[in-house]
Amino acid sequence: MADGESSISEAADAVEEASDTKALDIVARSGFAVMALLHIIVGAIAIALAFGQPGQAEATGAIEQLAANPWGPAVLWACVIACTGLALWQLSEATLRARHRPGTKRLGKLISSGCLAIAYGSVGLSFAGFAIGMRGDSGDTTRDFSTALLNAPLGLPVLVAVGLTTMGVGVYFVVKGLRRGFKKELFRFEGTRRGHLIDSLGVAGHVAKGVALNLAGLLFVIAAGKQSPEESTGLDGSLKALRDHPFGPYLLVAIGAGFICYGMFALVRARFGRM
């Protein structure tokens, strides 16, 4: 039994060493850069919405913007590779590297990095879908998802859980921003004037993203409470709903600017952050 466990441990060490390569590091950093660019584009779309312009203020809308240029197909496939590499890196963080941590921290890392691996992988699939011509509306996808849940046994509490989880992630981002919890990811410029600017971008970006996620999660909860799946329209729908309120356009501009700040922070993190 001990020999078997030793062999498994040695195999895991070998796989971890193989995954700790310069190539994967570069591809994963490229994935962070892609995610940063998506946030910047979403922020710009959100600001445009505040002034009555059309657009989808979420990842699908941002991907559509990237696809609408002469180099679109090449850019999309490059983003597929980058996001896949980032997803694999997060998967290795959740499994191979997390196994050296104490029990509770290992479980926490498995959940956090595992969820991020799924999220980045999903974005990569969205890029691939656009690259092969499968383009859809995220609002329709979210409504279809909510409808399927509400029609399923125990679907109502599951939809509420999805909404509350999304809101919980939003609260996490707000707290992380206000507490500057992101500093452990990027400490290269600590104590410098440039570092203060990066900190400001990080605070504004994390808080704005957290607020947006809370709005999106709230729509899931409302859809479940009313048993009306058309209420759940995702991030894009939640931001567009703001336009109907007296101070909505101002909030849209603030959230859009925050997303741009988050994207700029993430670009710096992609280049200089800890991996």
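Residues numbered from 1 in each chain as written. Predicted model: local features only at pLDDT ≥ 70, side-chain atom pairs only at ≥ 80, totals over all residues. Heavy atoms only, no water.

A. Up close: the overall build of the protein. Broken down by element type, the protein carries 10 helices and zero strands. Listing each helix as α and each strand as β along the protein from the N terminus yields α-α-α-α-α-α-α-α-α-α. Per-residue burial for the protein yields a buried fraction of 43% across its 275 residues. About 14,700 Å² of surface is accessible on the protein, with carbon and sulfur atoms providing 66% of the total. (Helix = DSSP H or I, 4+ residues; strand = E, 2+ residues; numbered from the N terminus. Buried < 20%, exposed > 50% of the residue type's maximum accessible area, 1.4 Å probe, protein only. Areas by Shrake-Rupley, 256 points an atom, 1.4 Å probe, with all protein chains shown as cover.)

B. Helix 3 (residues 59–67), seen in detail. For helix 3, the complete set of buried residues consists of Thr60, Gly61, Ala62, Ile63, Leu66 and Ala67. For helix 3, the N-terminal capping position is held by Glu58, with its side-chain oxygen 2.8 Å away from the main-chain nitrogen of Thr60. (Polar contact = N/O pair within 3.5 Å; in protein donor to acceptor, adjacent residues only side chain to side chain.)

C. Summary view of a nonpolar patch on the surface. Taken together, Trp77, Ile132 and Met134 make up a surface patch of nonpolar side chains, about 360 Å² in accessible area. Tracing the backbone shows Ile132 in the loop between helix 5 (103–131) and helix 6 (138–150). (Patch = residues over 30% accessible without salt bridge, like charges linked within 9 Å, V, L, I, M, F, W, Y side chains within 5 Å. Salt bridge = Lys/Arg side-chain N within 4 Å of Asp/Glu carboxyl O.)

D. Representation of the confidence of the model for the protein within the structure. The predicted model of the protein averages 80 in pLDDT, with 85% of residues at 70 or higher. Mean pLDDT values for the elements of the protein range from 47 in helix 1 (residues 2–19) up to 91 in helix 10 (residues 248–272). The low-confidence segment residues 1–5 (pLDDT under 50) makes zero contacts with residues lying over four places distant or belonging to another chain. With pLDDT under 50 throughout, residues 7–15 is counted as low confidence; its partners more than four residues away or in other chains account for six contacts. (pLDDT = per-residue confidence, 0-100. Contact = heavy atoms within 4.5 Å.)

E. Highlighting the packing of helix 8 (residues 193–226) against helix 10. Axis separation between helix 8 and helix 10 bottoms out at 7 Å; the angle between their running directions is 125°. Taken together, the axes of helix 8 and helix 10 lie oblique to each other. The hand of the helix 8/helix 10 crossing is left-handed. Side by side, helix 8 and helix 10 meet where Ile198, Leu201, Gly202, Ala204, Gly205, His206, Ala208, Lys209, Val211, Ala212 and Leu215 of the first sit next to Ile255, Gly258, Phe259, Cys261, Tyr262, Met264, Phe265 and Val268 of the second. Taken together, the residues that form the contact of helix 8 with helix 10 break down as 14 nonpolar, four polar and one charged. (Axes fitted to C-alpha atoms, helices over the stretch in contact; angles between N-to-C directions. Parallel < 35°, antiparallel > 145°, perpendicular 65-115°, else oblique. Left-handed = near helix turned anticlockwise from the far one by under 90°. Nonpolar A, V, L, I, M, F, W, Y, C, P; charged D, E, K, R; others polar.)

F. Region of the structure containing the nonpolar core. Counting 36 residues, the largest nonpolar core has Met35, Leu38, Ala57, Leu86, Phe127, Leu239 and Leu252 as its most contacted members. At the level of elements, helix 2 (22–50), helix 3, helix 4 (72–94), helix 5 and helix 10 are the ones that each hand at least two residues to this core. Sort the elements by how many residues they give to this core and helix 2 lands first, with 11 residues. What Leu86 contacts, discounting residues up to four positions off in sequence, is Ala28, Gly31, Phe32, Met35 and Tyr120. Grouped together as the second largest cluster of nonpolar side chains are nine residues, Phe189, Leu201, Cys261 and Val268 included. (Core = buried A, V, L, I, M, F, W, Y, C linked by side-chain atoms within 4.5 Å.)

G. Inspection of the pattern of salt bridges at higher detail. Inspection of every chain in the model, using the stated rule, returns two salt bridges. A salt bridge links Asp25 to Arg29, with the nearest nitrogen and oxygen atoms 3.1 Å apart. Of this pair, Asp25 and Arg29 both sit in helix 2, separated by four residues, roughly a single helical turn. Of the charged contacts in the structure, one is a salt bridge between Asp199 and Lys183, with a shortest N-O distance of 2.8 Å.

H. View of the environment of Phe51. Mapped onto the fold, Phe51 is located in the loop between helix 2 and helix 3. Placed 198 residues apart in sequence, Phe51 and Pro249 show a C-alpha to C-alpha distance of 7.3 Å.

I. Structural view of a positive patch on the surface. On the surface, a cluster of positive charge is made up of Lys22, Arg188, Arg194 and Arg271. Secondary-structure assignment places Lys22 in helix 2. (Lys, Arg positive; Asp, Glu negative; His and termini not counted. Charge placed at Lys NZ, Arg CZ, Asp CG, Glu CD.)

J. Molecular detail of the state of the cysteines. If you walk through the whole model with that rule in mind, you get zero disulfides. For Cys79, which is in no disulfide, the shortest distance to another cysteine sulfur is to Cys83 and amounts to 6.2 Å. Under the relative-accessibility criterion, Cys79 is labelled buried at 7%. (Disulfide = S-S within 2.5 Å.)

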